[in-house]
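These are the residues of each chain, in order.
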Amino acid sequence: TIGEVAQERKYRAFAVGGFVRDLLLQEKNFDIDVVIEGDGMVFAKALAERLKGRVRVHKKFKTAVVKLPDGLKVDVATARLEYYDYPAAMPTVELSSLKLDLYRRDFTINAMAIHLNPDTFGTLVDFFNSQNDLKDHKIRVLHNLSFVEDPTRIFRAIRFEQRMGFTIGQHTERLIKNAVRMNLFDRFFGYRFFGELKGILSEENPLPAIRRMADLHLLPFLHPRLKLEPRLTKNLEESQAALAWYQLLYRDEPCRNWLVYLLALTVNLKRSELQDFCQRFEVPERNRQQLLGEKTAAQQAATVLRRALPDSNSGIYHLLAGLGPEGLLYLLAISRKKAAKKAISLYVTELSQVRPELNGHDLKVLGYQPGPIFRQILDQLLDARLDGQVRNREEELVFVR
Ligand code: ATP
C-alpha cells in the first residue's frame, strides 16, 4: 500500500534503516522507516487516510509518524537535496536524494533501502557495501567524520554491537577512541545522549555494553567519578538478578529496567551530583523525578537497614512504602546483608499487597463520622493485618469496635 500511495502521487518510496537491517537478519521489527522522494507530509496524510491510521507531523524536520490501527508504526521522512543540508563530509558528486539520506545515517548496516513502488517493489539499494558488513557482523560508520558530526552514535554502536552480537569495525573503533580523546562530548550534551543511554540500559542484558563503555573510557563522560570497580560490577549483576526475579512475579506494575540499572550505576554519586547529571543531559522532567525520587527514598531506607532491621512487618512496610518497583529492586541489589534482602523481598512479594478488608463504607455503617479519623482507623487496621493481629473481616470488625 505504501508503494501504491506514493505511486499515485508520482513519488518514490523506500523502506530504510533498521527495518531493512532486521528484514535481512530475519528479525522482527514493527516500525517501518520510510523515505519519500517527493513530499513526505502529503504522502503521510494520504497513507493515514487510506489505512485509517492517525498521523502526527513534525513540520520543522519534515517528518511524520503514521500510526496504523493494527499497532504498526510508519516513520516518514522526506529525502531532500538542499545545499545547506549537506553533511560536512559528503562528497558533492553524483547525488541522489535517497543516497544523501542514507549517507547521513549512523552505520552501514542501517543504510540500506528497499524500493516500495509497485514497478520496482522489493529491489534492494545498497550503496555502501552494507550487505557485506551485515554478513561479517560488523558495525561500521559511513565516513570518518561520523562521530564528530554526532557523538551519540558511539552509544548506538555499542548498543547494536552487544544486542546483535556484532563487533565494531577496527577503523570505526579507532574513530571512537579519537572522538573520546578529543573530548568531543563536551560540546554535545543533551537529551539525545540520555536517550541513547536509556536505550542501552533498556536492552535485555546491558552489562556487556556497560563494560564496553568502561573499556572505551566513556563512563567518566557520564560523570567524572564513575568507574567500573568490582563493587559497582557486583551491584549491576545483582540488579540483573533482581530484575529477573521480579519478572517471574508477573506483577501488573511495570518496572523500567533502565531506571534500576542507572540507579545502580550511579550509586556512588551524591544526590546533588545526580542532579547535575540530569541537568547536563537534559533528562526529561518525568525521568528526573523518578531517578531522584527513587534514589533519595532508597538511600534513606538503606541507611536504616544498615543500622537495624525493623522488628515487625508493619515496620518493614512503612520503611519501604515510599518506593516504586525500581527503587525496591535497586535497594535489593545494593543490600549485602541477607536479612535485609529477605525483608525487602518479603515486602515486594507479600507485604506491599496487603490491604484491610474493611473500607470507608463499612466504617460509616459502623457509625463513624467520615473525616480524618477514617484514615487513622484504616492505617491501624493495615498495621494489625501486617503484623498478624487480625486475619480476616470478622477479626477486623472486632478490632475496629
Ligand atoms: P531499534 O531496533 O533499536 O529501534 P533502529 O535502527 O530502528 O533500531 P532507531 O533509533 O529507531 O533505530 O533509528 C531509526 C533509523 O534512523 C536507524 O536505523 C538509523 O538509520 C537512523 N538513525 C537513528 N539515529 C541516528 C543517528 N544518531 N545518526 C544517524 N542516523 C541515525
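See the structure printed just above.
Residues numbered from 1 in each chain as written. Predicted model: local features only at pLDDT ≥ 70, side-chain atom pairs only at ≥ 80, totals over all residues. Heavy atoms only, no water.

This next bit is on the overall build of the chain. From N to C terminus, the chain includes 21 helices and nine strands. If you line up the chain on its principal axes, its C-alpha atoms span 85 × 50 × 35 Å. When burial is assessed residue by residue, the chain has 47% of its 401 residues classed as buried. Sequence separation of 24 or more characterises 65% of the internal contacts of the chain that already satisfy a separation of 6 or more. (Helix = DSSP H or I, 4+ residues; strand = E, 2+ residues; numbered from the N terminus. Buried < 20%, exposed > 50% of the residue type's maximum accessible area, 1.4 Å probe, protein only. Contact = heavy atoms within 4.5 Å.)

A separate point is the pairing of strand β1 (residues 12-16). Most of β1 is tucked away: four of the five residues are buried. Bridge analysis of β1 against strand β2 (residues 31-37) gives five bridges, and the strand direction is antiparallel. Bridge pairing in β2 places Val16 opposite Asp33. Pairing between β1 and strand β6 (residues 113-115): three bridges, direction antiparallel. From the neighbouring strand, Val16 faces β6, where its bridge partner is Ala113. (Pairing = 2+ DSSP bridges.)

On to the layout of surface pockets, then. When its volume is computed, the largest pocket comes out at roughly 2,000 Å³. Lining of the largest pocket is provided by 43 residues; of these, Asp33, Thr63, Asp75, Arg105 and Arg156 occupy positions nearest its centre. Those elements that place two or more of their residues in the lining of the largest pocket are α2 (18-24), β2, β3 (54-58), β4 (63-67), β5 (73-78), α7 (152-164) and α9 (191-201). Tallying contributions element by element places α7 first for the lining of the largest pocket, with six residues. (1 Å grid on protein atoms, 1.4 Å probe; cavity = no way out; pocket = protein on both sides within 12 Å on 5 of 7 lines; lining within 4 Å. Points joined across faces, edges and corners; volume = space filled by probe spheres on them.)

Moving on, we come to the packing of aromatic side chains. Summed over the entire model, instances satisfying the criterion amount to 11 aromatic pairs. The interplanar angle of 55 degrees and the centroid separation of 6.1 Å between the aromatic rings of Phe155 and Phe221 together place this pair among those described as tilted. In this pair, Phe155 is assigned in helix α7 and Phe221 in helix α11 (residues 219-222), connecting sequence segments 66 residues apart. Note on accessibility: Phe155 and Phe221 belong to one class, buried. Ring geometry for Tyr317 versus Tyr347: centroids 5.8 Å apart, planes at 65 degrees, classification edge-to-face. With Tyr317 in helix α16 (residues 313-320) and Tyr347 in helix α18 (residues 338-349), this residue pair connects regions lying 30 residues apart in the sequence. Aromatic ring contacts, followed pair by pair, group Phe155, Phe193, Phe221, Phe277 and Phe281 into a single cluster. (Phe/Tyr/Trp six-rings, centres within 6.5 Å; stacked < 30°, edge-to-face > 60°.)

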